Amino acid sequence: MQKRLATDIFSEWAMIGKDEGMQKGHFNSVNEMLSIVDLSLKKGFSAIDVGCGNGWVCRRLSNDERCRKVVGIDGSEEMIRKAKSFDSNIDFYHALLPEWKPNEKFDLIHSMEFLYYLKKPLDMLKEFYEYWITPGGIFIAGIDFYLENEDSHSWPERLNVHMTKLSIDEWEKGLMNAGFKNIEIHQVASTNDFIGTLVLKGEKLK
Ligand SMILES: C[S@@+](CC[C@H](N)C(=O)[O-])C[C@H]1O[C@@H](n2cnc3c(N)ncnc32)[C@H](O)[C@@H]1O
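Cut-offs and rules
- Residues numbered from 1 in each chain as written.
- Predicted model: local features only at pLDDT ≥ 70, side-chain atom pairs only at ≥ 80, totals over all residues.
- Heavy atoms only, no water.
- 1 Å grid on protein atoms, 1.4 Å probe; cavity = no way out; pocket = protein on both sides within 12 Å on 5 of 7 lines; lining within 4 Å.
- Points joined across faces, edges and corners; volume = space filled by probe spheres on them.
- Helix = DSSP H or I, 4+ residues; strand = E, 2+ residues; numbered from the N terminus.
- Nonpolar A, V, L, I, M, F, W, Y, C, P; charged D, E, K, R; others polar.
- Core = buried A, V, L, I, M, F, W, Y, C linked by side-chain atoms within 4.5 Å.
- Buried < 20%, exposed > 50% of the residue type's maximum accessible area, 1.4 Å probe, protein only.
- Contact = heavy atoms within 4.5 Å.
- Pairing = 2+ DSSP bridges.
- Axes fitted to C-alpha atoms, helices over the stretch in contact; angles between N-to-C directions.

Visitor: Any chance you could explain the layout of surface pockets here in plain terms?
Guide: Of the volumes computed, that of the largest pocket is approximately 1,200 Å³. Along its surface, the largest pocket is lined by 50 residues, and Ala6, Phe10, Glu113, Phe114 and Tyr117 are the ones closest to its centre. Of all the secondary-structure elements, those providing two or more residues to the lining of the largest pocket are α1 (6-15), α2 (18-37), α3 (56-62), β2 (67-74), α5 (121-132) and α6 (155-159). No other element matches the 6 residues that α2 contributes to the lining of the largest pocket. In the lining of the largest pocket, the residues fall into 25 nonpolar, 12 polar and 13 charged. The computed volume of the second largest pocket comes to approximately 200 Å³.

Visitor: Would you take a moment to explain empty space enclosed by the protein for this structure?
Guide: Over the atoms a probe the size of a water molecule is rolled, and this reveals where empty space is left. The full count for this structure, using the stated rule, is 1 cavity of 30 Å³ or more. Taken as a whole, the largest cavity spans an internal volume of roughly 40 Å³. Residue lining of the largest cavity: Val71, Tyr93, Trp100, Pro102, Asn103, Glu104 and Phe106, and that is the complete set.

Visitor: Is there a simple way to explain the nonpolar core in this structure?
Guide: Membership of the largest hydrophobic core comes to 42 residues, with the highest contact counts inside it found for Leu115, Phe128, Trp132 and Phe139. Of all the elements in the fold, those that place two or more residues in this core are α1, β1 (45-50), β2, β4 (106-112), α5, β5 (133-143), α7 (168-178) and β7 (197-203). Discounting chain neighbours no more than four positions away, the residues touching Phe139 are Ile109, Leu115, Leu125, Phe128, Ile133, Leu175, Phe180, Leu200, Lys201 and Gly202. Counting 25 residues, the second largest nonpolar core, distinct from the first, contains Cys67, Val70, Met112 and Ile138.

Visitor: When you look at the sheet that holds β1 in this model, what are you seeing that I'm missing?
Guide: Two pairing modes exist for strands in a sheet, parallel and antiparallel, and in both the strands are linked by backbone hydrogen bonds. Spatially, 7 strands are ordered β3-β2-β1-β4-β5-β7-β6 in an open sheet, and the strand pairing comes out mixed. Two strands close off the open sheet at either side, each with one partner strand: β3 (91-94) and β6 (181-188). Across the sheet, the mean angle separating the axes of adjacent strands is 15° when strand polarity is ignored. Bridge count between β1 and β2: 6 bridges; the pairing is parallel. When the bridges of β2 are listed, Ile48 appears paired with Val71. Seen against the sheet, helix α4 (residues 77-86) touches β2 and β3 and runs at an angle of roughly 165° to β3. Against the sheet, α5 touches β1, β2, β4, β5 and β7, its axis set at about 155° to β5.

Next comes the structure, spelled out in structure tokens:
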């Protein structure tokens, strides 16, 4: 059976309100991710949330008084329609990755549960480093589908969608090869039956 596009599935989820459950499910991990970068964020920082879904992380960042500008991008039309309906002051773009590029660079690139939907996520890391992030900027991404999280291995078949499964080591090497420095790998928000969200952090030095 032909695989479905992730963005079509998430548009269906947006239409039946499943984006809200996803927001709740990702909340603890995103909290920890934002606290990892918090001290590095300067007054006037700009941010982009990649695979922003209904835009909840963008809304949260826009409430940070140091944040000058926040942008969200997602390939699901319905997610973006919903995001815009919640806050028309934030720039939300409907675009498919890896083809799309922003026309400016950002001090913070944030992404939660997006990267592994790409066929070549490590190439996307190179794109981020080259075209998306300012010198001195920070990249942080959370991933629940990875080799060491065995419970996640059934997801591609269950959803009939492509997911790229990489190990912690492969992600770390991917960040290095893309050019990122001060790389940190965390596993956050673990519970008794969850090994934790894999968090990738890297910086582009000035
Ligand atoms: C698991 S959801 C996470 C949404 C949001 N980050 C959150 O935490 O609620 C993954 C998102 O990535 C988007 N996405 C998947 N593949 C994409 C692609 N190739 N280009 C752009 N967006 C994509 C989906 O539309 C979906 O909204």
